[in-house]
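One letter stands for each residue in the lines below.
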Amino acid sequence: MVCQQCADAPCLEACPEEAISRDAETNAVVVDQDLCIQCGSCVSACVIGLDAVASEQKLAIRLDEDTQFPLKCDLCGGDPQCVKFCPTEALVYTDNLVEGEFGVGEMMEALEFFLQQKELPLDRQGGK
Ligand code: SF4
Ligand code: SF4
Ligand code: SF4
């Protein structure tokens, strides 16, 4: 579960320093470390679930343990390396999010589904 680049990004709204913005080219929600004061408000505001291992962190955004700067997907500047390297082509780079059709409600549904799947035995995941 990585950052969904929310259309109405709560992390962006929560930043007191305007250090988070939307990249005009890729539509990614990006962090400017020159403006960031490492306060963690963006992590608190993110709607994509708590990390079960580090409960103050989120699945989509976390503070780097060493630098305390937020780490999140930035779509690799429009050339997603995860898509490029996935051996089974399970990942696609789509412009659905750019069209703003995937809001917080849809994300919460996706997250709920994700967490339900995690609780199922592996041989029952996938709905069969
Ligand atoms: S950690 Fe940085 S980017 Fe996040 S809300 Fe604070 S100042 Fe903004
Ligand atoms: S998923 Fe979290 S980190 Fe990504 S844009 Fe939405 S609120 Fe921000
Ligand atoms: S490889 Fe790039 S596009 Fe893929 S999840 Fe990581 S930062 Fe995002």
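Residues numbered from 1 in each chain as written. Chains lettered and ligands numbered in written order. Predicted model: local features only at pLDDT ≥ 70, side-chain atom pairs only at ≥ 80, totals over all residues.

## Things to note about the overall build of the protein chain
Next, step 1: Looking only at helices and strands, the protein chain features 4 helices and 4 strands.
Next, step 2: For the protein chain, the N- to C-terminal ordering of α and β elements is α-β-β-α-β-β-α-α.
Next, step 3: In the protein chain, which comprises 128 residues, the share counted as buried stands at 18%. (Helix = DSSP H or I, 4+ residues; strand = E, 2+ residues; numbered from the N terminus. Buried ≥ 20, exposed ≤ 12 C-beta atoms within 10 Å, placed from the backbone.)

## Some points on the site of ligand 2
Next, step 1: For ligand 2, the set of nearby residues contains 14 residues, the closest of which are C3, C6, C11, C46 and I61.
Next, step 2: For the shell around ligand 2, a count of residues per class yields 11 nonpolar, 2 polar and 1 charged. (Near = placed C-beta within 6 Å. Nonpolar A, V, L, I, M, F, W, Y, C, P; charged D, E, K, R; others polar.)

## Quick word on the site of ligand 1
Next, step 1: Near ligand 1 there are 14 residues, and of these C15, C36, C39, S41 and C42 occur at the shortest range.
Next, step 2: For the shell around ligand 1, the residue count by class is 10 nonpolar, 3 polar and 1 charged.

## Side note on unusual backbone geometry
Note: most peptide bonds trans; most residues except glycine with negative phi.
Next, step 1: For E18, which is not glycine, the phi dihedral falls at a positive 50°.
Next, step 2: In this fold, E18 is placed in the loop between α1 (10-14) and β1 (20-22).

## A word on the confidence of the model for the protein chain
As a general rule, the predicted coordinates of low-pLDDT regions are not to be interpreted in detail.
Next, step 1: The predicted model of the protein chain has a mean per-residue pLDDT of 83, with 77% of residues at 70 or higher.
Next, step 2: Below a pLDDT of 50 lies the segment residues 124-128, which in the model reaches 2 contacts outside its immediate sequence neighbourhood of four places, other chains included. (pLDDT = per-residue confidence, 0-100. Contact = placed C-beta atoms within 7 Å.)

## Things to note about the environment of V92
Next, step 1: Within the element layout of this structure, V92 appears in the loop between α3 (81-85) and α4 (104-119).
Next, step 2: Residues V92 and P80, 12 residues apart in the sequence, show an inter-C-alpha distance of 9.2 Å.

## Some details on the nonpolar core
Next, step 1: Ranked by size, the top nonpolar core spans 17 residues in total, and within it C11, I20, V29, C42, C46 and I61 carry the most contacts.
Next, step 2: For this core, the secondary structure elements donating two or more residues are β2 (29-31) and α2 (41-45).
Next, step 3: Among all residues touching C46, those that are not within four sequence positions of it are P10, C11, K58, A60 and I61. (Core = buried A, V, L, I, M, F, W, Y, C linked by C-beta atoms within 7 Å.)

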